[in-house]
Amino acid sequence: MIAYILRRLAQSVLVMLVVALVSFSLFRFVGDPVATLMGQEATVADREALRERLGLNEPVYMQFADFAMRAVQGDFGISYRLQQPVAELILSRLPATLELAFISGIIAFVFGVGFGVYTALNRTGWLSNVIMTTSLIGVSLPTFLIGILLIWVFAVELQWLPSFGRGETVDVGSWRTGLLTPSGRASLVLPAITLGLYQMTLIMRLVRAEMLEVLRTDYIKFARARGLTNRAVNFGHALKNTLVPVITITGLQLGSIIAFAIITETVFQWPGVGALFINSVQFVDVPVMAAYLMMIALVFVVINLIVDLLYYAVDPRLRVDRAVARH
Amino acid sequence: MLKIQNTLNFARTGRTMMLAGAAFALTLAAADANTLRWARVGDALTFDPHSANEGPTSTLLHHIYETLVGRNTDGSLAAGLATEWSIHAEDPTIWVFKLREGVQFHDGADFTAEDVVFSMDRARSETSDFKGLHSSVAEVTAVDDYTVHVKLEGASPLYVQNLTNTFMVDKGWAEANGVVAPQDFKAGEENFAVRNTNGTGPYTVVSRDPEVRTVLAHFAGHWGDVPQVTEIIYTPIKEAATRVAALLSGEVDFVQDVPVQDIVRLEQTAGIKVTAGPENRTIFFGYDVSSEKLISANVDDNPFSKPQVREALALTLDRDAIQQVVMRGQSQPSGVAMPPFVNGWTEAMHVYSAPDYDKAKALLTEAGYPDGFSVDFHCPNDRYLNDEAICQAFVGMVGRIGVKANLVSQSRTIHFPAIQNNEVDFYLLGWGVPTFDSAYIFDFLIHSKEDKRGGWNGSRYSNPEVDAMIKSIATETDLVARNATVAKIWEKVQEDRVLLAVHNQLLAYAVKDGINLAAHPENQPKMTTVTFD
């Protein structure tokens, strides 16, 4: 077990290094940071001097080595755009993204499982049809459009919820939270739904398919034959057995929620790391872009590691061929 | 953690405290009558007054710091921290500034001539982003407490126009906090001045969360009249649709960057008012007029070097169509690449002709391209109002005479360096004129490329005669003679069709009914000028 973890950790370090190297070689194609860093009056000599000061004239591998050396020590440099230390900038934005991701993850899981079970048990009911049709919209409409639509209905027309920002926040230590104030919670609703809608649909369809399959198995028929209540059969036996793959998928999706909150954050002017990243790309703020990509790589590496370890701990069958074991 | 507390005396009256508290109440609630909630696309990048010569940064800093001279909404100069300015009677290379007396910094220090000397030196230092505007300055000296002499390398009759965005800082404060020079990225440390301020401006910083919310409150010790707006809540909202939604839902009072496509609808919305005005920025097409051969063309010579081809392109450009279709009326078509605010502008140059495709086609045939030619056409897609759409429209127009323009639409971070490095044949560029004088256009766009001039001359136009005239207007102190030379240069530039002007941009501000704010030609609105009905 320990050898397994160590091996996975070594692999993770390698993945991180590769991500850093790939992102560094891509930055050259994003544009020239000096173009946005200096006013239009700057002369050729001024630009050259700044390029030299920023170390942009060094070969890419030298820049990368320099970045990696400092990154290991936790120093990601100064943002070109906001002129603040990058590590501090990202850490100050991270709570906003994590809260949003966490809440939308919960919404996706709770409603996804609920609707999934309902539609599996009532395959022909009109409500099931409504849910299934609506869920199609969830998968097919782009996040951007859903966000704008929600803003239009709930902020502009009904004026129930704020259209942008995080509302009032409270600092708990270094964690800036919006969960403790009414305006902070109100601000969270629309972005969380926008971000979670796609994941909810995914979980719902997964739960429904798994449930339908499990409900056909012999032990469910046997449970019914024993005269157990519908409730005990559906929730005590069927649902429990569908949840293993659902939890796995949810865990993995949490990583993508954090990583792909970019669009939702932009639409709602949510002050998280995704919005920070988008602004940085437009400004060719290389230190922030590099640090952000490293952070996302770390998130995925850690989540995958945890999921792998959970496989080990939770389900011994998964060590053998999973498909065979389940059918 | 990121909250900035200003160095200002906190122990001010309960009124300010109450306002500060109100700032944190949810924006959905009705705002205080004296509070202005202001949204625009981006935030100030830094509070360091000399570190970023960038529009939104200067806009916000104008409320905290002040300049020697300011700019009125009609483009004329306004007295700021200097009450009088003139060229020295005996030495035309010296500008004399009389400073306003009784001005205080937010920390209580007095504003004197030594602060001006220090600020000017700071703005000219190596890591300053404003040094280009002051490159001709030789020395700045304090004659007495309220008189400053700015000695230039040669006579410079319009130098004072360069000062409208150069902010004054307190020498003692800067030295005490180790911010004698602006941010140096190489040092790898954050400069104290990035998040802390001490200006003479009408507002002080109450709190700041970069890219989230900045709250400013009126500075009681300011020398000017008390403005109607005593509190500003500034929130950047990047996404255009969200920005407009925030205004419609009543969460903000003033949206500075109104998307062109929403202007008409906002005008028709009850409770919303749109103020439009010309911006001091011109949009034009440039092409390489001097190289032997183009980089991307399918012909072996350079079509743009032939006057007939340049005239043909001008005849294909349907400026009215671009104004109506692409800009939805929000532009001012122009025959010259110069906004009307600029010294040297004339009605005659502004007039443009209607497109004439038959004549254009004939000219192209005459130039030796009966079948046209193809060339890459470079365009930014994140810099000017509808920049990419303007290019797309023009691709169709030149296509009608057989010129195949292959549109290459890129971010400004790729587009601008390519123009500066002569890597593009044919491109769109916009040009703002912060000095409000033609010399600024000539220096950067028309003069041959050399040390300090011609940095954006992507046309590669080089005319020794014109260069000599451009150099002469830099030091000519007789304004009548100078204006005559400016007119002569323009005549030559227009005759040679160096730049193909499209239009001047218009600015639009959207505000709630009951708020009055005029559009500012440099897009630097001052909240001190806001009035409530």
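How each quantity is defined
- Residues numbered from 1 in each chain as written.
- Chains lettered and ligands numbered in written order.
- Predicted model: local features only at pLDDT ≥ 70, side-chain atom pairs only at ≥ 80, totals over all residues.
- Helix = DSSP H or I, 4+ residues; strand = E, 2+ residues; numbered from the N terminus.
- Buried ≥ 20, exposed ≤ 12 C-beta atoms within 10 Å, placed from the backbone.
- Axes fitted to C-alpha atoms, helices over the stretch in contact; angles between N-to-C directions.
- Parallel < 35°, antiparallel > 145°, perpendicular 65-115°, else oblique.
- Contact = placed C-beta atoms within 7 Å.
- pLDDT = per-residue confidence, 0-100.
- Nonpolar A, V, L, I, M, F, W, Y, C, P; charged D, E, K, R; others polar.

(A) Structural detail: the overall build of chain B. Each helix and strand in chain B was counted, giving 15 helices and 19 strands. Referenced to the eigenvectors of the C-alpha coordinate spread, the extents of chain B come out at roughly 80 × 60 × 45 Å. Put simply, chain B has 533 residues, and 51% of those count as buried.

(B) Highlighting the packing of helix H7 (residues 143-157) of chain A against helix H5 (residues 240-248) of chain B. Interaxial distance between H7 of chain A and H5 of chain B falls to 10 Å at its minimum, and their mutual angle equals 5°. In terms of their interaxial angle, H7 of chain A and H5 of chain B are classed as roughly parallel. Contacts from Ile 148, Ile 151, Trp 152, Ala 155 and Val 156 of chain A in H7 of chain A reach Ala 241, Thr 242, Ala 245 and Leu 248 of chain B in H5 of chain B.

(C) Main features of the confidence of the model for chain B. Residue and element names in this part refer to chain B. Scored by pLDDT, chain B comes out at a mean of 89, with 93% of its residues at no less than 70. The model gives residues 1-31 a pLDDT under 50, and that stretch makes 51 contacts with residues more than four places away or in other chains. For this predicted complex, the interface confidence comes out at an ipTM of 0.83, alongside a pTM of 0.84.

(D) Inspection of the environment of Phe 277 of chain A at higher detail. Residue and element names in this part refer to chain A. Here Phe 277 lies in helix H12 (residues 273-283). Judged by C-beta crowding, with 26 C-beta atoms within 10 Å, Phe 277 ranks as buried. When the C-alpha atoms of Phe 277 and Val 307 are compared, they prove to be 27 Å apart, with 30 residues separating the residues in sequence. Not counting chain neighbours up to four residues away, the residues in contact with Phe 277 comprise Ile 262, Met 289 and Tyr 292.

(E) Examining the interface of chain B and chain A more closely. Contacts between the two partners involve 44 residues from chain B, matched on the other side by 45 residues from chain A. Going through the elements one at a time, H5 and helix H12 (412-420) of chain B are the ones with two or more residues in the side of chain B that touches chain A. Here the residues of the side of chain B that touches chain A are counted per class, giving 19 nonpolar, 14 polar and eleven charged.

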